[in-house]
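One letter stands for each residue in the lines below.
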Amino acid sequence: MFMKPEVLSPAGDFECLESAVKFGADAVFLAGKQFGMRTASANFDNESLIKACKYAHKNNVRVHLTCNTLPRTYEVDALPEFLEFAESAGVDAFIIADVGVMELAKRYAPSVALHVSTQAGVTNHLTANTLYNMGASRVVLARELSLEEIADLRAKTTKELEIETFVHGAMCVSFSGRCLISSYMTGRDANRGDCTQPCRWKYHLFEENREGQFFPVEETDKGTFLYNSRDLCMIEHIPELVKAGISSLKIEGRAKSSYYTAVITNAYRHAVDEYYKNPEGFVLPEWIKEETDKISHREYNTGFYFGHEPGQVTSNGGYIRHYDVVAFCEKSSGNTALITQRNKFYKGDTLDVLPPGGVPFNTICEKLINKNGEEVESAPHAKEELTLYSDKNIPEGSVLRVKKKD
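Residues numbered from 1 in each chain as written. Predicted model: local features only at pLDDT ≥ 70, side-chain atom pairs only at ≥ 80, totals over all residues. Heavy atoms only, no water.

**Q** What is the right way to look at the environment of Phe328 in this model?
**A** With respect to the helices and strands, Phe328 occurs in strand S13 (residues 323-333). When the C-alpha atoms of Phe328 and Pro355 are compared, they prove to be 10.0 Å apart, with 27 residues separating the residues in sequence. Not counting residues within four places of it along the chain, the set of residues in contact with Phe328 comprises Ser258, Leu338, Ile339, Thr340, Arg342, Ser398 and Val399. (Helix = DSSP H or I, 4+ residues; strand = E, 2+ residues; numbered from the N terminus. Contact = heavy atoms within 4.5 Å.)

This is the structure in C-alpha cells:
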C-alpha cells in the first residue's frame with residue numbers, strides 16, 4: 001500500500017490559514033514579507049508568522065514557508081536574519097528555489113526541513129537525488145512531468161526523499177513558472193512575486209506597414225487569448241497520483257480567497273480519505289467533484305499528467321462562477337446561526353452549506369434578524385452580522401453559498 005499523501009493548502013493570509021486548517025489540510029504553505037513568490041497576497045509579518053505557526057501546530061498542521069524567489073546579490077545580506085527568525089517562529093520547512101539560499105538555510109536554520117521549489121525545474125531522478133544529497137528532504141517537481149515520468153523518477157530516487165506536485169489551481173504558460181513576459185511588458189518581475197499575468201490579457205493584431213490600422217484576428221469579438229492557461233484539476237485522479245508515489249498533493253492559490261481554500265482543501269481531503277477507505281473499489285463521490293465547480297475557476301484540465309492536453313482557453317479570459325459566497329457562520333445553536341454577510345442574499349433563499357470537514361447540504365433561510373433586533377428581507381451590507389433562522393443546524397465555521405441564476 002502506498003503512503004497516504006499530504007494535502008497541502010495555500011494560505012495567503014490568516015483567514016486563509018484558518019480555512020485550510022478547519023477544512024482538513026495536513027500542511028499549509030505561506031510567505032513572510034520577504035523572498036516569497038506572491039507579493040499580491042497579504043502574507044505574514046513576524047508577529048503573524050509566530051501566531052500562524054502556533055495555531056497550525058495546535059491543530060497538528062505543518063507550516064511550509066516560501067523562500068523561493070531568486071534573490072539578487074544586494075538582497076543576500078538580509079537572508080540570515082530572515083531564516084533565523086523563521087526557525088525561531090516554528091516554521092517546519094522552507095520552500096527554496098536557489099541553491100545558495102539552500103546553503104544559507106542549512107547554516108542559519110538547521111532544524112528546518114528543506115523543500116526544493118518547482119521553480120528549480122526538477123525533471124529527473126539525477127537532479128532529485130543530487131538535491132537530496134545536498135540536504136533537501138523534498139522536491140516539488142516541475143509541472144511539465146507526466147504521471148509516468150513521475151513514477152519513473154520515484155522508482156529511481158531514495159525513498160527518504162519526498163515528492164510534491166501541484167494537483168489543483170492556476171497554471172502558468174512558462175516552464176515551471178519561470179516567465180519574463182510580465183517583466184518585459186510592465187516592469188514587474190514574475191520571478192520575484194510580482195506577476196501581472198499578461199499571458200491572460202486579450203491581444204489584437206496591427207499590420208507593420210499600415211500605421212494604426214487594426215486587423216481583428218480573434219477567437220471571439222472580445223479578442224484573442226493566446227496564452228490563457230486552463231486551471232489544473234486532478235480531483236478525479238487520486239488513485240493515479242497515489243500510485244505514482246507522490247508524497248504531497250499541492251493546491252495552488254496563495255493569492256486566492258479563504259473560500260477557495262476552504263472548498264478545495266475540503267474536496268481533496270475527502271477524496272484522499274475516501275480512496276484509502278477502499279482503494280480497490282474506489283469511486284469518487286459525485287459531490288466532491290461538484291465542489292470544484294463551486295469556486296471561481298477557468299476551464300479545467302489535467303495539465304501534463306496524462307500527456308499534452310490543449311492547455312489554453314481561447315474563447316475568453318474570465319472565470320467560470322456558478323455560486324456566490326453569501327456568509328460565514330460565526331456561532332450556531334440549534335437552527336439559529338450568527339453569520340457574517342459577504343454577498344447579498346434574501347429571506348427564502350436556498351443556501352448551500354459547507355461545514356468544516358463535512359459534506360455540503362442545503363437549507364432554507366427562513367428568517368433574518370439584524371443587530372438591532374429587526375427582521376429584514378435581505379442581507380445587503382458587506383460584513384454585517386445577522387442572526388439567521390433555517391430549517392437545519394448550520395455548524396460553526398460553515399461557508400454559506402447561493403447558486404447563481406442562469
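Having seen it, we continue.
**Q** So what exactly am I meant to see when it comes to the pairing of S13 here?
**A** Sheet faces and side chains relate simply in a regular strand, where the side chains alternate between the two faces. Pairing geometry for S13 and strand S21 (residues 399-403), over five bridges, is antiparallel. Following the sheet pairing, Tyr323 is matched in S21 by Lys403. The pairing of S13 with strand S14 (residues 336-341) spans six bridges and is antiparallel. The residue bridging Ser332 from the neighbouring strand is Ala337, located in S14. (Pairing = 2+ DSSP bridges.)

**Q** When you look at helix H2 (residues 46-58) in this model, what are you seeing that I'm missing?
**A** Since there are 3.6 residues in each turn of an α-helix, residues three or four apart along the chain are aligned in direction. The end-to-end C-alpha distance of H2, which contains 13 residues, comes to 19 Å, matching closely the 18 Å that a straight helix rising 1.5 Å per residue would cover. Taken together, the buried positions of H2 are Ser48, Leu49, Ala52, Cys53, Tyr55 and Ala56. Buried residues of H2, viewed axially, fall in a sector of 170°; they line one side. Exposed residues on H2 whose side chains face more than 90 degrees from its buried face are Glu47, Lys51, Lys54 and Lys58. Summarising the contacts, the buried residues of H2 are in contact with helix H1 (14-22), strand S2 (27-31), strand S3 (62-67) and helix H3 (79-89). Positive phi shows up at Asn60, right after H2, with a value of about 60°. (Expected span 1.5 Å × (residues − 1). Buried < 20%, exposed > 50% of the residue type's maximum accessible area, 1.4 Å probe, protein only. Arc of directions from axis to C-beta.)

**Q** Explain unusual backbone geometry here, please?
**A** Most peptide bonds take the trans configuration, and most residues that are not glycine carry a negative phi. One non-glycine residue, Asn60, adopts positive backbone phi at about 60°. A positive phi angle is found at Lys383, which is not glycine, with a value near 65°. Relative to the assigned elements, Lys383 resides in the loop between strand S19 (378-379) and strand S20 (385-390).

**Q** Which parts of the structure should I look at to understand the pattern of salt bridges?
**A** Opposite charge on two side chains makes pairing possible when the charged atoms of those side chains draw close. Counting across every chain of the model gives 21 salt bridges. Across the pair Arg269 and Asp273 runs a salt bridge whose closest N-O atoms are separated by 3.1 Å. Remark: Asp273 and Arg269 occur in helix H9 (residues 258-277); sequence separation between them is four residues, near one turn of the helix. Lys404 serves as the salt-bridge partner of Asp324, at 3.8 Å between the closest nitrogen and oxygen. Linking Asp324 in strand S13 with Lys404 in the segment after S21, this pair joins segments that are 80 residues apart in sequence. Residue Lys404 is classed as partly exposed on the basis of its relative accessible area of 31%. (Salt bridge = Lys/Arg side-chain N within 4 Å of Asp/Glu carboxyl O.)

**Q** Looking at this structure, how should I read the environment of Trp287?
**A** By the secondary structure assignment, Trp287 is in helix H10 (residues 286-291). Along the sequence, Trp287 and Val359 sit 72 residues apart, while their C-alpha atoms lie 7.9 Å from each other. Once residues within four sequence positions are removed from consideration, Trp287 is found in contact with Asn266, His270, Gly358, Val359 and Pro360.

**Q** I would appreciate a short explanation of the nonpolar core in the present structure.
**A** Membership of the largest hydrophobic core comes to 85 residues, with the highest contact counts inside it found for Phe94 and Tyr268. Sort the elements by how many residues they give to this core and H9 lands first, with 11 residues. Setting aside anything within four residues of it in sequence, one finds Tyr268 in contact with Val7, Val167, His168, Cys233, Met234, Ile235, Ile238 and Ile251. Core analysis: the next-biggest nonpolar cluster, separate from the first, contains 16 residues, Ala327, Leu351, Leu388 and Leu400 among them. (Core = buried A, V, L, I, M, F, W, Y, C linked by side-chain atoms within 4.5 Å.)

**Q** For this particular structure, what's the right way to read the packing of aromatic side chains?
**A** Any aromatic ring pair is given by two values, namely how distant the centres are and how the planes are angled relative to each other. Evaluation of the coordinates by the stated rule reveals four aromatic pairs. Of note, Arg143 hangs over the ring of Phe166, and the distance from its end group to the ring centre comes to 3.7 Å. Across from the ring centre of Tyr389, 4.6 Å away, lies the NZ or CZ of Lys367, which sits over that ring. (Phe/Tyr/Trp six-rings, centres within 6.5 Å; stacked < 30°, edge-to-face > 60°. Lys NZ or Arg CZ within 6 Å of the ring centre and 35° of its normal.)

**Q** Where do I start with the packing of H2 against H3 in this structure?
**A** Between two packed helices, the angle of one axis relative to the other and the distance separating the axes together describe the packing. In contact at an axis separation of 9 Å, H2 and H3 are set at 35° when each is read in the N-to-C sense. Contacts between H2 and H3 involve Asn46, Leu49, Ile50 and Cys53 from the former and Phe85, Ala86 and Ala89 from the latter. Residue composition of the contact of H2 with H3, by class: six nonpolar, one polar and no charged. (Axes fitted to C-alpha atoms, helices over the stretch in contact; angles between N-to-C directions. Nonpolar A, V, L, I, M, F, W, Y, C, P; charged D, E, K, R; others polar.)

**Q** Help me out: how do you make sense of the environment of Glu162 in this one?
**A** On the secondary structure map, Glu162 appears in strand S7 (residues 162-170). In sequence terms Glu162 and Ile246 are 84 residues apart; their C-alpha atoms lie 7.6 Å from each other. Not counting chain neighbours up to four residues away, the residues in contact with Glu162 comprise His115, Ser137, Arg138, Val139, Arg154 and Ser247.

**Q** Quick question: what am I supposed to make of the packing of H1 against H2 here?
**A** Contact geometry of H1 with H2 gives a least axis separation of 11 Å together with a crossing angle of 10°. Accordingly, the angle class assigned to the pair H1 and H2 is roughly parallel. Here Phe14, Leu17, Glu18, Val21 and Lys22 of H1 lie close against H2, whose contacting residues are Lys51, Ala52 and Tyr55. (Parallel < 35°, antiparallel > 145°, perpendicular 65-115°, else oblique.)

**Q** Even after reading the chapter, I still don't get helix H5 (residues 125-133), so can you show me in this structure?
**A** For H5, the N-terminal cap is Asn124; the gap from its side-chain oxygen to the backbone nitrogen of Leu126 is 3.0 Å. Taken from the residues just after H5, Gly135 is the one with a positive phi, measuring 120°. (Polar contact = N/O pair within 3.5 Å; in protein donor to acceptor, adjacent residues only side chain to side chain.)

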